[in-house]
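If you want the building blocks of each chain, they are given just below.
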Amino acid sequence: MVKRTLRSVMFGFIGVAVLLGFAQSAQAEGKPTLYLPTPPGQTWEVIQGYNCGTHDSWGRLSFDLVNTEGDTYGAPIYAAADGTIFFWTGRSGSLILSHGDGYYTMYSHLSSWIEAPTGTSVKRGQYIGNAGATNPSPTVPHLHFTLFRGDGPYAYNRQPVALAFAEGYNFPDNGGCNQHAGSLLTANGEADTIAPSLEWSGPAERTWVNSGRLDWNLSDNQSIQGFSQNWDAPAASDKPQFAAETGYLDLIAGQHIANVTAWDAAGNTASFQREIWFDPTAPSLPTTTVTESLTLNGSQSSLVINWQAASDADSGLRGYQLYFGTDPQGTGEWFVAEQQVDVGLREPGRYYFRIRSEDNAHNFSEWTTLQTVQIN
C-alpha cells in the first residue's frame, strides 16, 4: 500500500514536471525572434548592460545602445519583431510594441516616432522612430531597449527577459552588475543608401484640368519615414512634415509646380516635382453680332451666323458648342473653333441658334440663345 502510494506520488511529480515542461515550451514558442533595432550595417555599442545604474526592477535586463559610426541622436530605429503599437509616452520618449503571448519590446528616449494609433500593425524592420535623449534620461543620446513579459491587457507584473538577437548575439543573465557593457552589435544587412521613389496619380503633367487633386505614393527598399510638400517651392523643413507613405495636394488655379521631398528610415532623401495646370472657372459667354431675330424666305440657300469671341483668363478658349434646331432649349455637340458657322438650308419653320463656349480645361459657359430664325 505504501509502495503504491509512493509510486502514485512519483507519477504525480512526473506529471507535474511534464505539464511544467509543456508550459515552458509553450512560453518559449511564444517568445518573438528579435533582430537588432538599429540601422542595417551599423555597429552600436552597449554602454550600460544588465542590472546596476538605471537598469533595475522590471527593466533590469535592458541595454543602452549608442552608434559607433556617427550620430546617435536622430538615428532611425526599427521594430525588432512583428507586432502592434501598445503604448507611447512623450515624457520618456518610450514606444512599446506588443508581440503576442504577453511579450513586449520597449524603445525609450526616442526623439520622434511614427505617430500611429494604438493597435497599428508594424513589421519587423519597419521604421518606428529616431533615437534621442528625451527626459528623464542621461545627457548622452542613446536607445534604451528592453524585452519583457506582462500579464493581461495592460501588461501587469512585468518581468524582464534576457536579450538574444537573430544576428547571432545571445546575452544570458549571469547575475552581475552592468553585464555585457562594451559589447559591439552590428545589425544584419548593408547600410541603406537607396533613396525613396514616388509614383504620381491624378492629373497629367502640363495638361489643363478642371477638377481632382494630385496624389502620390512613396516606396523604398526598406521603409519610408515620411515626406514634406508644398506648391511652387520646396517645403522649408529638414525633417518630414507627415509620417506617411501616401499624400496629396489640393489643386490651386493656374500653372503651379508641386514639390514633394521624401525621407526613408535611413535618412536618405529624394525630391520630386510635377507641373499641374488647373482651371476651375468657366469661360465668358459669346455674344452675337447680328440681330436677335431674323426672317428668311425659303429661296435663300444658306445662313452664316457670326458672334463675338468669348474669353478665358486661365486655360484659354478652346472653341464653341452649337445647336441650331426647333427646340428653344436645345443643346448639341456640334463644335467649331472660330466665331462663324454656316447652318445650311432648312425647311420652313422657326429655328433657334444656341451656343456655349468651352475652355482648354473643358469648362463650359451656360447655353445661351444668340439668334432666332424664321424661315418661310
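Conventions used here
Residues numbered from 1 in each chain as written. Predicted model: local features only at pLDDT ≥ 70, side-chain atom pairs only at ≥ 80, totals over all residues. Heavy atoms only, no water. Helix = DSSP H or I, 4+ residues; strand = E, 2+ residues; numbered from the N terminus. Buried < 20%, exposed > 50% of the residue type's maximum accessible area, 1.4 Å probe, protein only. Contact = heavy atoms within 4.5 Å. Areas by Shrake-Rupley, 256 points an atom, 1.4 Å probe, with all protein chains shown as cover. Pairing = 2+ DSSP bridges. Core = buried A, V, L, I, M, F, W, Y, C linked by side-chain atoms within 4.5 Å. Polar contact = N/O pair within 3.5 Å; in protein donor to acceptor, adjacent residues only side chain to side chain. Salt bridge = Lys/Arg side-chain N within 4 Å of Asp/Glu carboxyl O. Disulfide = S-S within 2.5 Å. pLDDT = per-residue confidence, 0-100.

Draft legend 1. Broad picture of the overall build of the protein chain. Per the secondary structure count, the protein chain includes one helix and 29 strands. Scored against the burial criterion, the 376 residues of the protein chain give a buried share of 44%. In the protein chain, the share of contacts with a sequence separation of at least 24, taken over all contacts with a separation of at least 6, comes to 65%. A total of about 19200 Å² of accessible surface is found on the protein chain, and carbon and sulfur atoms cover 50% of it.

Draft legend 2. Here's a closer look at the sheet that holds strand β18 (residues 224-231). Read from one edge to the other, the open sheet built from four strands follows the order β16-β21-β20-β18, with strand pairing classed as mixed. Of all the strands in the sheet, the pair left with one neighbour each is β16 (208-209) and β18. Pairing geometry for β16 and strand β21 (residues 269-278), over two bridges, is parallel. Within β21, the position partnered with Trp208 by the bridge is Trp277.

Draft legend 3. Representation of the nonpolar core within the structure. Of all hydrophobic cores here, the largest spans 37 residues; its most connected members are Leu34, Phe63, Ile77, Ile85, Tyr107 and Leu163. If we skip the residues at most four places from it in the chain, Ile77 touches Pro37, Trp44, Tyr107, Leu110, Gln126, Tyr127, Ile128, Gly129, Asn130, Ala131 and Leu143. Residues Leu198, Leu218, Ala270 and Ile276 belong to the second largest nonpolar core, which totals 18 residues.

Draft legend 4. Molecular detail of the environment of His144. Examined against the element boundaries, His144 turns out to sit in strand β10 (residues 143-151). On the basis of relative accessibility, which here comes to 11%, the residue His144 falls in the buried class. Linking His144 and Ser94, residues 50 residues apart in sequence, is a C-alpha distance of 8.8 Å. Not counting residues up to four positions away in its chain, the partners in contact with His144 are His55, Ser62, Phe63, Asp64, Met106, Tyr107, Ser108 and His109. At a separation of 3.3 Å, a polar atom in the side chain of His144 contacts the side chain of His55. Within the local environment of His144, its side chain forms a polar contact with the side chain of Thr146, the two groups lying 3.3 Å apart.

Draft legend 5. Region of interest: the pattern of salt bridges. Under the criterion given, the structure shown has five salt bridges. Between Asp173 and Arg60 there is a salt bridge; the shortest N-O distance is 3.0 Å. Of this pair, Asp173 sits in the loop between β13 (169-171) and β14 (184-186) while Arg60 is found in the loop between β1 (43-48) and β2 (63-67), placing the two residues 113 residues apart along the sequence. Put simply, Glu205 and Arg206 hold a salt bridge, and the shortest N to O gap is 3.8 Å.

Draft legend 6. Main features of the side chain of Gln48. In this structure, Gln48 sits in strand β1. A distance of 2.9 Å separates a polar side-chain atom of Gln48 from the backbone nitrogen of Thr54. Only 2.9 Å separates the side chain of Gln48 from the side chain of Asp64, close enough to count as a polar contact. With residues near it in sequence (within four places) discarded, Gln48 still touches Gly53, Thr54, His55, Ser62, Phe63, Asp64 and Asn178.

Draft legend 7. Quick look at the side chain of His99. Tracing the backbone shows His99 in the loop between β5 (94-98) and β6 (103-108). Note on His99: relative accessible area 14%, which makes it buried. A polar atom in the side chain of His99 sits 2.6 Å from the backbone oxygen of Asp82. Here His99 is in contact with Pro32, Ala81, Asp82, Gly83, Tyr104 and Thr105, once residues within four sequence places are set aside.

Draft legend 8. The arrangement of the state of the cysteines in detail. Applying the stated criterion to the full structure yields one disulfide. The partner cysteine of Cys52 in its disulfide is Cys177, sulfur to sulfur 1.5 Å. In this pair, Cys52 sits in the loop between β1 and β2 while Cys177 sits in the loop between β13 and β14, placing the two residues 125 residues apart along the sequence.

Draft legend 9. Summary view of the pairing of β21. Within β21, seven of the 10 residues are buried, which leaves the element mostly enclosed by the surrounding structure. As paired strands, strand β20 (residues 254-264) and β21 are joined by 10 bridges and run antiparallel to one another. Residue pairing for β21: Trp263 is matched across the bridge by Thr269. The antiparallel pairing of β20 with β21 creates a hairpin that spans four residues between the two strands, and Gly267 there sits at a positive phi of about 90°.

Draft legend 10. Molecular detail of the confidence of the model for the protein chain. With 88% of its residues at a pLDDT of 70 or more, the protein chain has an overall mean of 87. Residue range residues 1-27 is modelled with pLDDT below 50. Its contacts to residues more than four positions away, or to other chains, number two contacts.

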